[in-house]
Amino acid sequence: MAGAWRPASGGATFPVRDPSTGEVLAEVADATPEDGIAALDAAVAAQEGWASTPPRTRSDILRRAFDLAHEHEDDLAALMTLEMGKPLAESRGEVAYGSEFLRWFSEEAVRISGDYRTNPEGTGRGIVLRRPVGPVYAITPWNFPLAMATRKIGPALAAGCTVVLKPADLTPLTTLFLVELFRRAGLPDGVLNVVPSRDAKALSEPIIADRRLRKLTFTGSTPVGSALLKQAADNVLKTSMELGGNAPLLVFDDADLDEAVAAAMQAKFRNVGEACTAANRFFVQEGIADAFTAALSAKVEELRIGRGTEDGTTIGPLIDDRAVDKAAGLVDDAVQRGARLVTGGERVDRPGTFYTPTVLDQVQPGSDILTTEIFGPVVSITRFTTEEEGIRLANDTEYGLVAYAFTTDFRRGQRLAERLETGMLGLNTGVVSNAAFPFGGVKSSGLGREGSHEGLEEYLESVYVLTPDPFAA
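Residues numbered from 1 in each chain as written. Predicted model: local features only at pLDDT ≥ 70, side-chain atom pairs only at ≥ 80, totals over all residues. Heavy atoms only, no water.

- Under an unreviewed UniProt entry, the name given to the chain is NAD-dependent succinate-semialdehyde dehydrogenase, and the source organism is Curtobacterium subtropicum.
- Here is the UniProt Sequence similarities (unreviewed entry) comment for the chain, exactly as written: "Belongs to the aldehyde dehydrogenase family." (UniProt positions renumbered as here; feature names shortened; annotations may be inferred.)

Below you can see the structure in the form of structure tokens.
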């Protein structure tokens, strides 16, 4: 923090483990609440100077950070694979995707604009200024340790906000290296401060309660997000929350089967299924259900389980034992309620936390897997008859982050876009995330948007100034 690496004030560290072996990769400083306030002190001290830094300078620093991320692609990918488990090819994909937020917002930094207009009465002129909201506390999850950080750091720095960043304790190494790259890019001391900790609650409470903090951004589960919103309410903090998902994937009879299967594999198994955007609930129309299930299951059985660093691995470990227990429990419950286990459904007998890619067909109403975010490599297929029924099933959830739908009927696609209760829709595609478009959900999936110019708005506030009519006598 404040431009220097330092141990935790209490001297404690915590281990970061490789989920494919259980071995300790490194020991990381375990920040205390006092460290959190010290980081906020640094951010507050740097806020005025960073806010007044020319937009082009902020832009250039973000662009240098983008270039450095690409120069160190192999290092970042290796760290991600070791601490999170995903195959190296996917980690490299995250470097490309995550760093794009730095390039995108480097370009947006110089395009922040205001307004000037005559009031309706003609008696004055209104000026609308945009300025940074102030110091930001950003809390990121373990599953995308680079991209979830850049999605918050990029717009915050572009807008002129300083940041205190709390990475997930399961995967802090990638984020720590990213922060080092920002230092090398010339970011002034105190603008970006990182505080890893095993006790997120104890660290966060005094930071959020401090009246100098003006913005809270969080990616994670809905229950934690809800608790953070309650804390943020005391000081009326500006908030953005990217919370849980339970994405439906609809396949209609007229879908292109090969296209739907290929996209479904991406939507489900990218990041080992450990993504808020992962397709959880597959709803397949009766006329194509047998063919789709057979074709998808064949592709699933081709997936190769292994350590992410091994050549040919397409499915790595889950993040920890709890994740394996959760996946196994959801599969067992669905089978007991009448689902047909097509393939998989087993723990893997090898070191690490692995679970076989699984396909369940004819999942019955009331199964836990229909209401619980899986966060694992498990496909849950339910069959439906009519478009109306498919939409009803898709919307039957408290969440609304993303949905996927496959149809060659353009008018049906338009109807789905207007009727599905979701913040994002992948229509005949299995990946929607892109720095140039607004990422976020509705209902219990969160508030605000990340990416695009909407993402920059989350870190700005408007100031309105009225002046008299300059032509008045």
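### What to know about the overall build of the chain
Okay, step 1: Per the secondary structure count, the chain includes 14 helices and 20 strands.
Okay, step 2: Computed over the C-alpha atoms, the radius of gyration of the chain is 23 Å, within 12% of the 23 Å expected from 2.2 N^0.38 for a compact globule of 473 residues.
Okay, step 3: For the chain, the C-alpha atoms occupy an extent of roughly 75 × 60 × 40 Å along the three principal directions.
Okay, step 4: Residue burial in the chain is summarised as follows: out of 473 residues, 56% are buried.
Okay, step 5: Residue pairs at least 24 apart in sequence account for 72% of intrachain contacts in the chain once pairs closer than 6 positions are excluded.
Okay, step 6: Accessible surface computed for the chain: about 18900 Å², of which carbon and sulfur atoms make up 51%. (Helix = DSSP H or I, 4+ residues; strand = E, 2+ residues; numbered from the N terminus. Rg over C-alpha atoms; globule rule 2.2 N^0.38 Å. Buried < 20%, exposed > 50% of the residue type's maximum accessible area, 1.4 Å probe, protein only. Contact = heavy atoms within 4.5 Å. Areas by Shrake-Rupley, 256 points an atom, 1.4 Å probe, with all protein chains shown as cover.)

### Notes on helix 11 (residues 321-336)
Okay, step 1: Compared with the 22 Å implied by 1.5 Å per residue over 16 residues, the 22 Å span of helix 11 between its first and last C-alpha is a close match.
Okay, step 2: The set of residues buried in helix 11 consists of Ala323, Val324, Ala327, Ala328, Leu330, Val331, Asp333 and Ala334.
Okay, step 3: On the buried face of helix 11, the contacting elements are strand 12 (340-343), strand 13 (358-361) and strand 14 (378-384).
Okay, step 4: Backbone geometry just after helix 11 places Gly338 at a positive phi near 115°. (Expected span 1.5 Å × (residues − 1).)

### Digging into the pairing of strand 4 (residues 124-132)
Okay, step 1: Inspection of the sheet shows strand 3 (residues 115-118) paired to strand 4 by four bridges, in the antiparallel sense. By the bridge assignment, Arg117 is partnered in strand 4 with Gly126.
Okay, step 2: In this structure, the hairpin formed by strand 3 and strand 4 is closed by a connection of five residues, where Gly122 is found at a positive phi of approximately 80°.
Okay, step 3: One ladder, built from nine bridges, connects strand 4 with strand 20 (residues 460-468); its direction is antiparallel. (Pairing = 2+ DSSP bridges.)

### Some remarks on helix 8 (residues 222-233)
Okay, step 1: Over its 12 residues, helix 8 extends 16 Å from the first C-alpha to the last, a length consistent with the 16 Å expected when each residue adds 1.5 Å.
Okay, step 2: Burial in helix 8 covers these residues: Thr222, Gly225, Leu228 and Ala232. Across the axial projection of helix 8, the buried residues extend over an arc of 120°, all falling on one side. Away from its buried face, by an angle of more than 90 degrees, helix 8 presents the exposed residues Pro223 and Lys230. (Arc of directions from axis to C-beta.)

### Describing the environment of Val195
Okay, step 1: By secondary structure assignment, the location of Val195 is in the loop between strand 7 (192-194) and helix 7 (200-209).
Okay, step 2: Along the backbone, Val195 and Arg304 are 109 residues apart, and their C-alpha atoms lie at a distance of 36 Å.

### Regarding unusual backbone geometry
Okay, step 1: A positive phi angle is found at Asn271, which is not glycine, with a value near 65°.
Okay, step 2: With respect to the secondary-structure elements, Asn271 resides in the loop between helix 9 (257-269) and strand 11 (279-285).
Okay, step 3: Note on Asn271: relative accessible area 1%, which makes it buried.
Okay, step 4: If you check the backbone angles, Val272 has positive phi at about 60° while not being a glycine.
Okay, step 5: As for its placement among the helices and strands, Val272 is situated in the loop between helix 9 and strand 11.

### What about the packing of aromatic side chains?
We describe a pair of aromatic rings using the distance from one ring centre to the other and the angle between the two ring planes.
Okay, step 1: Summed over the entire model, instances satisfying the criterion amount to four aromatic pairs.
Okay, step 2: On the numbers, 5.5 Å between centres and 80° between planes, the contact of Phe252 with Phe384 is edge-to-face. You can see Phe252 sitting in the loop between strand 10 (247-251) and helix 9 and its partner Phe384 sitting in strand 14, a full 132 residues away along the chain.
Okay, step 3: Take Phe384: its relative accessible area is 0%, and that puts it in the buried class. (Phe/Tyr/Trp six-rings, centres within 6.5 Å; stacked < 30°, edge-to-face > 60°.)

### Here's the deal with the nonpolar core
Okay, step 1: Counting residues in hydrophobic clusters, the biggest one holds 54 residues, and the most contacted among them are Ile153, Leu157, Val163, Leu165, Phe182, Leu187 and Leu192.
Okay, step 2: Of the residues forming this core, the biggest block, eight residues, is contributed by helix 5 (residues 147-159).
Okay, step 3: Discounting residues that sit within four places of it in the chain, Leu157 has contacts with Trp50, Arg58, Leu62, Val163, Phe182, Leu187 and Val191.
Okay, step 4: Formed by 53 residues, the second largest nonpolar core is a distinct cluster that contains Ala263, Val284, Leu330 and Tyr355. (Core = buried A, V, L, I, M, F, W, Y, C linked by side-chain atoms within 4.5 Å.)

### Some details on the UniProt feature "domain: Aldehyde dehydrogenase" (unreviewed entry) in the chain
Okay, step 1: Look at the UniProt record and you will see "domain: Aldehyde dehydrogenase" (unreviewed entry) annotated at residues 5-462.
Okay, step 2: With 41% helix and 20% strand, the stretch residues 5-462 has end C-alpha atoms that lie 35 Å from each other.

### What about the side chain of Ser99?
Okay, step 1: When you line up the elements, Ser99 lands in helix 4 (residues 88-108).
Okay, step 2: Taking relative accessible area as the criterion, Ser99 reaches 1% and is therefore assigned buried.
Okay, step 3: Among the polar contacts listed, one links the side chain of Ser99 to the side chain of His70, at a separation of 2.9 Å.
Okay, step 4: Of note is the side chain of Ser99, whose polar atom sits 2.6 Å from the backbone oxygen of Val95.
Okay, step 5: With sequence-adjacent residues up to four places away left out, Ser99 is seen in contact with Phe66, Ala69, His70, Glu94, Leu146 and Thr150. (Polar contact = N/O pair within 3.5 Å; in protein donor to acceptor, adjacent residues only side chain to side chain.)

### So, the UniProt feature "active site" (unreviewed entry) in the chain
Okay, step 1: The UniProt record annotates "active site" (unreviewed entry) at Glu242.
Okay, step 2: Following the sequence through the fold, Glu242 ends up in strand 9 (residues 238-242).
Okay, step 3: Exposure remark for Glu242: the relative accessible area of 4% places this residue in the buried category.
Okay, step 4: Setting aside residues no more than four positions away along its own chain, Glu242 makes contact with Met148, Arg151, Phe218, Thr219, Gly220, Cys276, Leu401, Phe439, Ser445 and Glu450.
Okay, step 5: A distance of 3.0 Å separates the side chain of Glu242 from the side chain of Arg151, its partner in a polar contact.

### Looking at the environment of Leu129
Okay, step 1: In this fold, Leu129 is placed in strand 4.
Okay, step 2: Residue classification places Leu129 among the partly exposed residues on the basis of a relative accessible area of 43%.
Okay, step 3: Between the C-alpha atoms of Leu129 and Tyr464, which are 335 residues apart in sequence, the distance is 6.4 Å.
Okay, step 4: Ignoring anything within four residues of it in the chain, the contact list for Leu129 reads Glu461, Ser462, Val463 and Val465.

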